[in-house]
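Overview (structure and organization)
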Amino acid sequence: MNKLTSKLKGNKLAQIILLVLYVLVTSLSLYLAQASVTAFLLLLFSLLLLYYTELPDRLKWLIAGVVLIGVIPFVSSTGPGYQSYMEVATVVGIYVAMALGLNIVVGLAGLLDLGFVAFFAIGAYTYGIFATGQAANFMPFGTFPLSGESFWIFILIGCFVAALFGVLLGIPVLRVKGDYLAIVTLGFGEIIRIVFNNLDKPVNITNGAMGLASVKPPEIFGYQFVYPNQFYFIVLAILFLVILAVRRFEFSKIGRSWKAVRENEIAAQSMGIHLVRTKLLAFAIGASFSGMMGVVFAAKQTFVDPTSFTLLESITILVMVILGGMGSVPGVILGAAVITILNLQVLTEVTNYLNQLSLDGVISFPEALAPAKMQRFIFGAILIIFAIYRPQGLIPSKNPVFDEESLKEGSKKHRKEQITVEPDKGFQA
Amino acid sequence: MLADILQSLPQVLVDGIALGAIYAVIALGYTMVYGILELINFAHGEIFMTGAFIGVAMLILMTGMGWLAAMPAILALILVLVVTSILTGFMGVGIERMAYRPLRNSPKLITLISAIGVSFLLQDLVRFITEYKRGNYILTGPSMFNEQFSIKFSSISSSFSDAFFKTSTLILIIAVVIMMIGLDFFVNKTKWGMAMRAVAQDRETASLMSINVNKVISLTFFIGSALGGATGVLFAVQYGTIDPYIGFILGLKAFTAAVLGGIGNIRGAMAGGLMLGILEMFAAANLQLLTGGIFGAEYKDVFAFAILIVVLIFKPEGLFGKAVTEKV
């Protein structure tokens, strides 16, 4: 095994061939054995393998795009499990975007936010209220519900409203830090949930605990998005933008100042970093991703109610970030995928299997121990184990290492290039 | 409006003091740990909850064996309180040993995350066990101390109405007062208490003065958790029904109380707890009246959190705390 990996290392062609083989085998098995969850999970796993190959970044993105846009929807499309696979993939996408948002706040800026799901709720309610008849209760002008075409605008509106609330939360945050901040954000999350839960009087805005039912599905040129396989592509598109934004932010000036604030606030301040602006920006950007996905979530579920936005959800997103690795973008994506699949697929499958066993009388299995109910237990254990043994997570975050010599050379070359433009070799050949 | 508020004021005060006493004792646990480790022990609310469950389980067990009928109820309660507080005390020490001590030198964020992990783990563990044993995780204990008393406030002035309370409220308040006086005595008058104060002030210097810091921290966790567990039992006796998720939100409010009084300050925690309890009961009774029916009693939690946020913003050192300046 060691020999094999050492042979593979550095041999890009072999890596590509192996990866393609792997994708082919798993997609074929998914194509033939439609009901197999394992095949679907193995196919998703190919993306992780892709991450560990030594291919150039551009090629990696290309292959990932092909797998996500082409292979996965196509090979799972022929069987009965299609919509449920697409549902899982969509939810994974939603959580990945939220975890990336929280990663900016916790991982990069070091501000522990325990009420993060509040922004998701704000996004979901922003669309939910206007895409049902609910808005007519407090807005006498205009006709509600708005048509499904407004969904695309609402992705932006949800983004802005959530960012606005992020800034609002950020203002008190500027006075407190550390543990206090965790408690304040936790309180903020609870306040938002309680308010949404009770805002059905005196003016019925959120319809209280009953929730908003039959939210209009998105629509473009008369084409309605109803099924999970259609939402999959919306989520994929937004996710692409989010990942692009996060990667740009991380190594930009603002990303570096987030990290500086995380390491030492006072030192960062004395180096000329504007503390207020930096922290508020972290909150606003993190929240905005969550708000966008909230809009998608409301449209996908066609139902919004306060029970979807409990503290458990906030902790779930936190677990994703910790498990993957605070501050590491690929790590957080992995963490979000693992936790979501664990919750949606693995735990329910195991529960069903055990229930079947106890129905058949093979073993007697108490209902109380059903793995589907073990979420909190598992999350708690993950948090403790990772905090003690691996606080940097599954894929630790890396800072790019710059070689001073080559940088100097590069800038020299750059200057030279500006003066004398080298002829493109492609033309000569 | 004012007349209505005055009418219900005595009852609000009695209920508020009972609730506030519970907050105060839990707040003590937060404040002691924070004073010594500068760590918010998120799991403290869960220790309280576990204490409630252990206590109720013991009471149910004793009822089943006929002990409860055989001995005076107050003796049974004291027995349960002692056993529960010892159990939860060791639990607190165990938690510190497993989840906090290995992290003492890592960043605060990591310790906090581990504390949240412990809290979630405990919630589900208790739920498993209860659901496995009883089929349902919401537990109702045997009813004890249910005799009603009334204080004749109406004889003082006709604008008040009478306040009613149960014997259990009286027992709760007395027990809490005993616990607090005991703790105050322990911290201020005994040798171990002095060691605790020394460690809270400066851990390194204390260890140079031949104080076993680890032992003192364990002791702090033991005392805080034992008090929390005992309060859990009293809570269960007072309010009847408990479920595994009461600890978190109650713990959060107790933390609010600790912040309100100035975290790290034991007397402040007591005052903060009482204040928060009375304020919350007042809000629950009168919020609807005061806002003309716009906000109902369901907003009382919002009220508690709003207090927390306002205190943290404007007076982060708390009402009785001293402001500390940060050194670079």
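What counts and what doesn't
Residues numbered from 1 in each chain as written. Chains lettered and ligands numbered in written order. Predicted model: local features only at pLDDT ≥ 70, side-chain atom pairs only at ≥ 80, totals over all residues. Heavy atoms only, no water. Helix = DSSP H or I, 4+ residues; strand = E, 2+ residues; numbered from the N terminus. Rg over C-alpha atoms; globule rule 2.2 N^0.38 Å. Buried < 20%, exposed > 50% of the residue type's maximum accessible area, 1.4 Å probe, protein only. Contact = heavy atoms within 4.5 Å. Areas by Shrake-Rupley, 256 points an atom, 1.4 Å probe, with all protein chains shown as cover. Lys, Arg positive; Asp, Glu negative; His and termini not counted. Charge placed at Lys NZ, Arg CZ, Asp CG, Glu CD. Salt bridge = Lys/Arg side-chain N within 4 Å of Asp/Glu carboxyl O. Core = buried A, V, L, I, M, F, W, Y, C linked by side-chain atoms within 4.5 Å. Buried area = accessible area lost by both parts, 1.4 Å probe. Polar contact = N/O pair within 3.5 Å; in protein donor to acceptor, adjacent residues only side chain to side chain. pLDDT = per-residue confidence, 0-100. Axes fitted to C-alpha atoms, helices over the stretch in contact; angles between N-to-C directions. Parallel < 35°, antiparallel > 145°, perpendicular 65-115°, else oblique. Nonpolar A, V, L, I, M, F, W, Y, C, P; charged D, E, K, R; others polar. Phe/Tyr/Trp six-rings, centres within 6.5 Å; stacked < 30°, edge-to-face > 60°. Lys NZ or Arg CZ within 6 Å of the ring centre and 35° of its normal. Left-handed = near helix turned anticlockwise from the far one by under 90°.

**Overview of the overall build of chain B**
- Across its full length, chain B carries 12 helices and 4 strands.
- Radius of gyration (C-alpha) of chain B: 20 Å, near the 20 Å computed for a compact globule of 328 residues.
- Once the C-alpha set of chain B is aligned to its principal axes, its extents read approximately 65 × 55 × 35 Å.
- Counting over 328 residues, chain B shows a buried share of 52%.
- For chain B, restricting intrachain contacts to residue pairs at least 6 apart in sequence, the fraction spanning at least 24 positions comes to 75%.
- On chain B, roughly 14,300 Å² of surface is accessible, and the fraction owed to carbon and sulfur atoms is 68%.
- Charge separation in chain B, taken as the distance between the mean sites of 20 positive and 18 negative side-chain charges, equals 11 Å.

**What about the pattern of salt bridges?**
All names here are of chain B.
- Taken as a whole and judged by the stated rule, the model has 11 salt bridges over all chains.
- The partner of Asp124 in a salt bridge is Arg127, and the shortest N-O contact between them spans 3.0 Å. Of this pair, Asp124 and Arg127 both sit in helix 5 (residues 108-134), 3 residues apart, roughly one helical turn.
- Note on Asp124: relative accessible area 0%, which makes it buried.
- Judged by relative accessible area, which is 3%, Arg127 ranks as buried.
- Linking Lys253 and Glu280 is a salt bridge whose minimum nitrogen-to-oxygen distance equals 3.2 Å. Separated by 27 residues along the polypeptide, Lys253 in helix 10 (residues 246-261) and Glu280 in helix 11 (residues 266-290) bring together distant segments of the chain.
- Taking relative accessible area as the criterion, Glu280 reaches 4% and is therefore assigned buried.

**Here we look at the nonpolar core**
- Core analysis: the largest hydrophobic core is formed by 223 residues, its most contacted members being A:Leu114, A:Tyr127, A:Met293, A:Phe309, A:Leu318, B:Phe42 and B:Ile242.
- With 19 residues, the top contributor of residues to this core is helix 5 (residues 82-108) of chain A.
- Contacts of A:Tyr127, omitting those with residues within four sequence positions, involve A:Gly148, A:Ser150, A:Phe151, A:Phe154, A:Val215, A:Lys216, A:Pro217, A:Pro218, A:Val295, A:Ala298 and A:Ala299.

**Comments concerning the environment of A:Ile16**
Residue and element names in this part refer to chain A.
- Looking at the secondary structure, you find Ile16 in helix 2 (residues 12-32).
- Given the relative accessible area of 29%, Ile16 is considered partly exposed.
- Linking Ile16 and Gly142, residues 126 residues apart in sequence, is a C-alpha distance of 56 Å.

**What to know about the interface of chain B and chain A**
- Between chain B and chain A, the contact holds 48 residues from the first and 44 residues from the second.
- With both sides pooled, the region where chain B packs onto chain A buries about 4,200 Å², and carbon together with sulfur makes up 78% of that total.
- Summed over the three residues of chain B that lose the most area to chain A, namely B:Ile113, B:Phe120 and B:Phe128, the buried surface amounts to 15% of that side.
- Taken together, chain B and chain A are joined by 0 salt bridges.
- For the interface between chain B and chain A, the tally reads 2 residue pairs in polar contact (both at pLDDT 80 or more).

**Side note on the confidence of the model for chain A**
- Scored by pLDDT, chain A has a mean of 81; 94% of the residues are at 70 or more.
- Taken together, the stretch residues 419-429 of chain A has pLDDT below 50 and engages in 1 contact with residues farther than four places along the chain or on a different chain.

**Some words on the packing of helix 6 (residues 117-130) of chain A against helix 8 (residues 179-198) of chain A**
All names here are of chain A.
- In the contact formed by helix 6 and helix 8, the axes pass within 9 Å of each other and the chain directions differ by 30°. The angle between helix 6 and helix 8 falls in the class roughly parallel. For the pair helix 6 and helix 8, the contacting residues are Ala118, Phe119, Ala121, Ile122 and Tyr125 in the first and Phe188, Gly189, Ile192 and Phe196 in the second.
- Class assignment of the residues belonging to the contact of helix 6 with helix 8 gives a composition of 8 nonpolar, 1 polar and no charged.

**Side note on the side chain of A:Asn103**
All names here are of chain A.
- By the element assignment, Asn103 lies in helix 5.
- Overall, Asn103 belongs to the buried group, its relative accessible area being 1%.
- A polar atom in the side chain of Asn103 sits 2.7 Å from the backbone nitrogen of Gly327.
- The contact partners of Asn103, leaving out residues within four places of it in the chain, are Leu108, Val321, Gly325, Met326, Gly327, Ser328, Val329 and Val332.

**Brief notes about helix 10 (residues 253-263) of chain A**
- What helix 10 of chain A keeps buried is the set A:Ile254, A:Gly255, A:Ser257, A:Trp258, A:Lys259 and A:Val261.
- Buried residues belonging to helix 10 of chain A abut helix 5, helix 9 (228-250), helix 11 (265-270) and helix 12 (275-301) of chain A.

**A short note on the packing of aromatic side chains**
- Within the structure shown, the criterion is met by 22 aromatic pairs over all chains.
- Ring plane angle 75° and centroid distance 5.7 Å describe the contact between A:Phe116 and A:Phe119, whose orientation is recorded as edge-to-face. Across the pair, A:Phe119 and A:Phe116 agree in class, each one buried.
- Relative to B:Phe235, the ring of B:Phe48 lies with its centre 5.4 Å away and its plane at 70°, an arrangement referred to as edge-to-face. With B:Phe48 in helix 2 (residues 44-65) and B:Phe235 in helix 9 (residues 213-239), this pair connects stretches of sequence that are 187 residues apart.
- Judged by relative accessible area, B:Phe235 falls into the buried class, the value being 8%.
- The structure contains a cluster of three or more aromatic residues connected by ring pairs, namely A:Phe120, A:Tyr125, A:Phe196, A:Phe297 and A:Phe309.
- Taking NZ or CZ as reference, A:Lys60 lies 5.3 Å from the ring centre of A:Tyr51, over its face.

**Quick word on unusual backbone geometry**
All names here are of chain A.
- Phi at Thr302 takes a positive value of approximately 50°, unusual for a residue other than glycine.
- Within the fold, Thr302 resides in the loop between helix 12 and strand 4 (303-304).
- The partly exposed category is assigned to Thr302, whose relative accessible area is 31%.

**Digging into the side chain of B:Ser225**
All names here are of chain B.
- Here Ser225 is to be found in helix 9.
- Within the structure, Ser225 has its side chain in polar contact with the backbone oxygen of Phe221 (distance 2.7 Å).
- Excluding residues that lie within four positions of it along the chain, Ser225 makes contacts with His44, Ile47, Thr88, Gly89 and Gly92.

**With respect to the packing of helix 8 of chain A against helix 12 (residues 300-314) of chain B**
- As a packed pair, helix 8 of chain A and helix 12 of chain B sit with axes 9 Å apart at the nearest point and diverge in direction by 150°. On the basis of their axis angle, the class for helix 8 of chain A and helix 12 of chain B is roughly antiparallel. The hand of the helix 8 of chain A/helix 12 of chain B crossing is left-handed. The residues of helix 12 of chain B that touch helix 8 of chain A, namely those facing A:Tyr180, A:Ile183, A:Val184, A:Gly187, A:Glu190, A:Ile191 and A:Ile194, are B:Asp301, B:Val302, B:Phe305, B:Ala306, B:Leu308, B:Ile309 and B:Leu312.
- When grouped by side-chain class, the residues that make up the contact of helix 8 of chain A with helix 12 of chain B number 11 nonpolar, 1 polar and 2 charged.

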